[in-house]
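Analysis of the macromolecular model
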Amino acid sequence: MILMEIGFMRPERLWALVAVPVLLGVYLVWSFARRSKASVDRSALAVLFPKRKAWKRHVAVVAAIATLASLTLAWATPNGYTNVPKDRATIFLVMDVSLSMEATDVQPTRIAAAEQAAKEFVSELPAGFNVALISFAGTASLLVPPTTDRGQVDAAIDGLQLLQSTAIGEGIYSALDALALIPPDPNHPNDPAPAAIVLISDGVSNTGRSSSDAALQSKSLQIPIFTIAYGTPNGYIVDQGQRNPVPVDKDELRTIAQLSGGKAYSADSLGQLRDVYSGISRTVGYDKEKTEITEQFVGYATVLGVIALLAVMSLAARWP
């Protein structure tokens, strides 16, 4: 689980932190005064802490004050928000299989890299999530209805075939039609599971129904669409010996995300695509849950206290 934010259940106790700058100030004043009198100082402190060991003294004092700060924070009962996997949801993975996805500006090709990243994304989702796979080119096809069988989804991704034209709107409508196929939760049969559409494409629609209308319908059903514009401005494919540019177009996908209440991403490499999918996975697959984390700050204080003790012991002297 990943810590997201920190708050305090007893914030009034944080007043004790005022001791930290006070102690640091006292130590700095003492250190400055000692250093300015080093040539004539023959006090017990000078004997106990010779100049060559000054750095150890600094470590001991700073670690001790940091220990006090950590214990004070623990006393204030800190809590944080962690990412906790959702019990159930449905993700509609909508993938562009138009001929432009054959471009090699992303190695080895846009479609091959997209397939690899998509399978990794599916594997990162919580086990209880249903996943559906839709492909679209001139038309859209529901290849895998909502299922928890990751192997079935992976096999369908491996079998994607490129076709002519691009109908992004049809891909979205196909996902919305498949909502009726989501298996009911046996524990909550009357409660619809949350759902989201993850759509990856490299171009603009040139056939089919309006993608904007599809995005608005998706919003009305409370199904956000996370779009990924995939490819570079320099992409091209070779058709009948002719080199045809197929630059990625982000505008339509950005509009879809905005209208649906989702979020638009872009990626021009396999590494970036993996990062995008990982971010989407955290967004759709996890909830923030508040939890007390006092023990973490006690642990920090313990480590800092040990460091301070070791530093003092290495000086073979009393505390300043």
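The structure we're discussing is the one just above.
1. Considerations on helix H7 (residues 211-220)
All buried positions along H7 are accounted for by Ser-211, Ala-214, Ala-215 and Ser-218. Considered in projection along H7, the buried side chains sweep an arc of 100 degrees and stay on one side of the axis. Taken together, the buried residues of H7 touch helix H6 (168-177), strand E6 (195-201), strand E7 (225-230) and helix H8 (251-260). Where H7 begins, the capping side chain belongs to Ser-210, and its oxygen is found 3.2 Å from the backbone nitrogen of Ser-212. In the segment just after H7, Gln-222 is the residue with positive phi, at about 60 degrees.

2. Let's talk about the sheet that holds E6
Reading across the sheet, the 6 strands line up as E5-E4-E3-E6-E7-E10 and stay open at both edges, with mixed pairing between neighbours. Among the strands making up the open sheet, the edge pair consists of strand E5 (140-147) and strand E10 (263-267). Each adjacent strand pair in this sheet contributes to an overall mean axis angle of 15 degrees, direction not counted. Note that E6 and E7 share 5 bridges and pair parallel. Of the residues in E7, the one forming a bridge with Ser-201 is Ala-229. Of the strands in this sheet, strand E3 (90-96), strand E4 (130-136), E6 and E7 are in contact with helix H4 (residues 110-124), which crosses E3 at around 175 degrees.

3. Considering the packing of aromatic side chains
This structure, assessed with the given rule, holds 3 aromatic pairs. An angle of 25 degrees between the planes, with centres 6.0 Å apart, marks the rings of Tyr-27 and Trp-30 as stacked. With Tyr-27 and Trp-30 both in helix H1 (residues 19-36) and 3 residues apart, this pair spans about one turn of that helix. By relative accessible area, Tyr-27 is classed as buried at 10%. Summarising the aromatic geometry, the rings of Phe-121 and Tyr-277 are spaced 4.8 Å apart at their centres and angled 25 degrees between planes, so their arrangement reads as stacked. Residue Phe-121 is located in helix H4, and its partner Tyr-277 is located in helix H9 (residues 270-285); the two are separated by 156 residues in the primary sequence. According to the relative accessible area criterion, Phe-121 is buried, its value standing at 1%. Residue Tyr-277 is classed as buried on the basis of its relative accessible area of 1%.

4. Remarks on helix H3 (residues 54-75)
If you check H3, its first and last C-alpha atoms are 32 Å apart, about what 22 residues at 1.5 Å a residue would give, namely 32 Å. Buried within H3 are the following residues: Ala-54, Arg-57, Ala-60, Val-61, Ala-63, Ile-65, Thr-67, Ala-69, Ser-70, Thr-72 and Ala-74. Residue Thr-77 follows H3 closely and has a positive phi angle near 55 degrees.

5. Section: the side chain of Asp-96
For Asp-96, the location among the structural elements is in strand E3. Although Asp-96 lies buried, it forms no salt bridge, and the closest oppositely charged side chain, Arg-110, sits 7.5 Å away as judged by the N-O distance. Polar side-chain contacts of Asp-96 include one of 2.7 Å to the side chain of Ser-98. There is a polar contact of 2.6 Å between the side chain of Asp-96 and the side chain of Ser-201.

6. Remarks on a nonpolar patch on the surface
Taken together, the side chains of Trp-15, Val-18, Val-22, Val-26 and Trp-75 present a nonpolar region at the surface, about 550 Å² in accessible area. By the secondary structure assignment, Trp-75 is in helix H3.

7. Considerations on the environment of Val-298
Counting through the fold element by element, Val-298 comes out in helix H10 (residues 294-315). With a relative accessible area of 36%, Val-298 lands in the partly exposed category. Taking C-alpha positions, Val-298 is 6.8 Å from Ser-70, a pair spaced 228 residues apart along the chain.

8. Brief notes about the nonpolar core
The biggest cluster of nonpolar side chains holds 38 residues, and the ones touching the most others in it are Leu-93, Phe-121, Ile-228, Tyr-230, Leu-273, Tyr-277 and Ile-280. Secondary structure elements with two or more residues in this core: E3, H4, E4, helix H5 (150-158), E6, E7, E10 and H9. Broken down by element, the residue count for this core peaks at 7 residues, all from H4. Here Tyr-230 is in contact with Val-106, Arg-110, Ala-113, Ala-114, Ile-200, Ser-201, Asp-202, Val-248, Ala-267, Ser-269, Leu-270 and Leu-273, once residues within four sequence places are set aside.

9. Quick notes on unusual backbone geometry
Look at the link from Gln-107 to Pro-108: it is a cis peptide, with omega at -5 degrees. When you line up the elements, Pro-108 lands in the loop between E3 and H4. Despite not being glycine, Thr-77 shows a phi value in the positive range, around 55 degrees. Here Thr-77 is to be found in the loop between H3 and strand E2 (78-85). Judged by its relative accessible area of 14%, Thr-77 falls in the buried class. If you check the backbone angles, Ser-165 has positive phi at about 75 degrees while not being a glycine.

What counts as what
Residues numbered from 1 in each chain as written. Predicted model: local features only at pLDDT ≥ 70, side-chain atom pairs only at ≥ 80, totals over all residues. Heavy atoms only, no water. Buried < 20%, exposed > 50% of the residue type's maximum accessible area, 1.4 Å probe, protein only. Helix = DSSP H or I, 4+ residues; strand = E, 2+ residues; numbered from the N terminus. Arc of directions from axis to C-beta. Contact = heavy atoms within 4.5 Å. Polar contact = N/O pair within 3.5 Å; in protein donor to acceptor, adjacent residues only side chain to side chain. Pairing = 2+ DSSP bridges. Axes fitted to C-alpha atoms, helices over the stretch in contact; angles between N-to-C directions. Phe/Tyr/Trp six-rings, centres within 6.5 Å; stacked < 30°, edge-to-face > 60°. Expected span 1.5 Å × (residues − 1). Lys, Arg positive; Asp, Glu negative; His and termini not counted. Salt bridge = Lys/Arg side-chain N within 4 Å of Asp/Glu carboxyl O. Patch = residues over 30% accessible without salt bridge, like charges linked within 9 Å, V, L, I, M, F, W, Y side chains within 5 Å. Areas by Shrake-Rupley, 256 points an atom, 1.4 Å probe, with all protein chains shown as cover. Core = buried A, V, L, I, M, F, W, Y, C linked by side-chain atoms within 4.5 Å.

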